[in-house]
Amino acid sequence: GAGVSQSPRYKVAKRGQDVALRCDPISGHVSLFWYQQALGQGPEFLTYFQNEAQLDKSGLPSDRFFAERPEGSVSTLKIQRTQQEDSAVYLCASSLDKNYGYTFGSGTRLTVV
Amino acid sequence: EDKVVQSPLSLVVHEGDTVTLNCSYEVTNFRSLLWYKQEKKAPTFLFMLTSSGIEKKSGRLSSILDKKELFSILNITATQTGDSAVYLCAVATQGGSEKLVFGKGMKLTVNP
């Protein structure tokens, strides 16, 4: 597609519910990133894929967070047993090559009530 | 720990003013510095800087990097209300992960 597509745009989850957030990167982009952006803060790195390989997951805040990209294109970020502190905008970005800029999607705003 | 600090964190100006946004960084294995504009949710790419002293320009926006003093500035001249946004500075490192380390962002409000 023309840009990075994320769905859903908004998600309200009850505390304890599991959620799955989807990212469809720009076609042909090898690198894919997930970031978490709390209100009034800059994005914070969660995890990075190169094709289907998850090369860095050092930013995932707990073992409730899990990401996958099984065929090297679409990625899913799953959060189990959501907590209020998980409320944030989850941004996905993709990149063709590290020497080019990263293109971000519009994000998914997750609100845990 | 890698760190990116932006200043000021917010600024209110009138249309036509010139603004300068600052970004300083402390990272191991610096590769590049990037500026993004964030209006609603998706940060949009402005500049990528890798070399010191070379100014990049795009219309009324320009940016420069100083790798010796570890900072960058983003200038916006003749500001317009459409420039109102959060401006994010991020640093990419080399070796291992290609992740970006972001500053907190600077909220610019341009009043008519």
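My aim in this report is to walk through the structure given alongside it, one point at a time. This one's a predicted model, so the numbers in the text were calculated from it and none came from an experiment.

All names here are of chain B. The five strands lie next to each other as β1-β3-β8-β7-β6, forming an open sheet whose pairing is antiparallel. Of all the strands in the sheet, the pair left with one neighbour each is β1 (3-7) and β6 (56-58). Sheet twist, expressed as the mean angle between neighbouring strand axes with direction ignored, is 15 degrees. Where β1 and strand β3 (residues 19-26) come together, five bridges link them in antiparallel fashion.

Residues and elements named next belong to chain B. Across three bridges, β6 lies against strand β7 (residues 61-66) in antiparallel orientation. What sits directly across from Ser-58, in β7, is Leu-61. As paired strands, β7 and strand β8 (residues 71-76) are joined by six bridges and run antiparallel to one another. Residue pairing in the sheet places Leu-61 in a bridge with Ile-76 of β8. Two successive antiparallel strands, β7 and β8, enclose a turn made up of four residues, where Leu-70 displays a positive phi of approximately 60 degrees.

A few words on the pairing of strand β8 (residues 75-79) of chain A. Residue and element names in this part refer to chain A. Of all five residues making up β8, four are buried, and the element is well covered by its neighbours. Inspection of the sheet shows strand β3 (residues 19-24) paired to β8 by five bridges, in the antiparallel sense. Within the sheet, the bridge partner assigned to Ala-20 lies in β8 and is Lys-78. In this sheet, β8 lies alongside strand β7 (residues 65-68) in antiparallel orientation, the contact comprising four bridges.

Counting residues at the interface gives 27 residues for chain A and 18 residues for chain B. Interface area for chain A against chain B, summed over the two sides, is near 1,800 Å², with a carbon-plus-sulfur share of 55%. Area buried by chain A at its contact with chain B is led by Lys-98, Tyr-102 and Phe-104 of chain A, which between them contribute 31% of it. The interface formed by chain A and chain B includes zero salt bridges. Across the chain A-chain B interface, the total number found is five residue pairs in polar contact (both at pLDDT 80 or more). Among the secondary structure elements, those contributing two or more residues to the side of chain A that touches chain B are β4 (31-37), β5 (44-50) and β9 (88-95) of chain A. A total of four residues in the side of chain A that touches chain B trace back to one element, the largest contributor, which is β4 of chain A.

Moving on, we come to the pattern of salt bridges. Taken as a whole, this structure holds four salt bridges over all chains when the rule is applied. The shortest N-O distance in the salt bridge between Arg-22 of chain A and Asp-24 of chain A comes to 3.7 Å. Owing to a relative accessible area of 39%, Arg-22 of chain A belongs among the partly exposed residues under this scheme. Here Asp-83 of chain B and Arg-60 of chain B are joined by a salt bridge, their closest N and O atoms 2.8 Å apart. On the criterion of sequence distance, the pair formed by Asp-83 of chain B in the loop between β8 and β9 (85-93) and Arg-60 of chain B in the loop between β6 and β7 is long-range, its members being 23 residues apart.

Our focus in this paragraph is the sheet that holds strand β1 (residues 5-7) of chain A. Paired through their backbone hydrogen bonds, the strands of a sheet run either parallel or antiparallel. All names here are of chain A. Spatially, four strands are ordered β1-β3-β8-β7 in an open sheet, and the strand pairing comes out antiparallel. Of all strands in the sheet, those with a lone pairing partner are β1 and β7, marking the two edges. Sheet twist, expressed as the mean angle between neighbouring strand axes with direction ignored, is 15 degrees.

Moving on to the packing of aromatic side chains. With the rule as written, the count across this model stands at 11 aromatic pairs over all chains. Seen from their ring centres, Tyr-35 of chain A and Phe-102 of chain B are 5.6 Å apart, and the 90 degrees between their planes marks the pair as edge-to-face. You can see Tyr-35 of chain A sitting in strand β4 and its partner Phe-102 of chain B sitting in strand β10 (residues 100-102), one on each of two chains. A residue is classified by how much of its surface remains accessible, and Tyr-35 of chain A, at 0% relative accessible area, is buried. Following the ring pairs from residue to residue traces out a cluster consisting of Phe-33, Tyr-35, Phe-45, Tyr-48, Tyr-102 and Phe-104 of chain A together with Tyr-36, Phe-45 and Phe-102 of chain B.

Conventions and cut-offs
- Residues numbered from 1 in each chain as written.
- Chains lettered and ligands numbered in written order.
- Predicted model: local features only at pLDDT ≥ 70, side-chain atom pairs only at ≥ 80, totals over all residues.
- Heavy atoms only, no water.
- Pairing = 2+ DSSP bridges.
- Helix = DSSP H or I, 4+ residues; strand = E, 2+ residues; numbered from the N terminus.
- Axes fitted to C-alpha atoms, helices over the stretch in contact; angles between N-to-C directions.
- Buried < 20%, exposed > 50% of the residue type's maximum accessible area, 1.4 Å probe, protein only.
- Contact = heavy atoms within 4.5 Å.
- Buried area = accessible area lost by both parts, 1.4 Å probe.
- Salt bridge = Lys/Arg side-chain N within 4 Å of Asp/Glu carboxyl O.
- Polar contact = N/O pair within 3.5 Å; in protein donor to acceptor, adjacent residues only side chain to side chain.
- Phe/Tyr/Trp six-rings, centres within 6.5 Å; stacked < 30°, edge-to-face > 60°.

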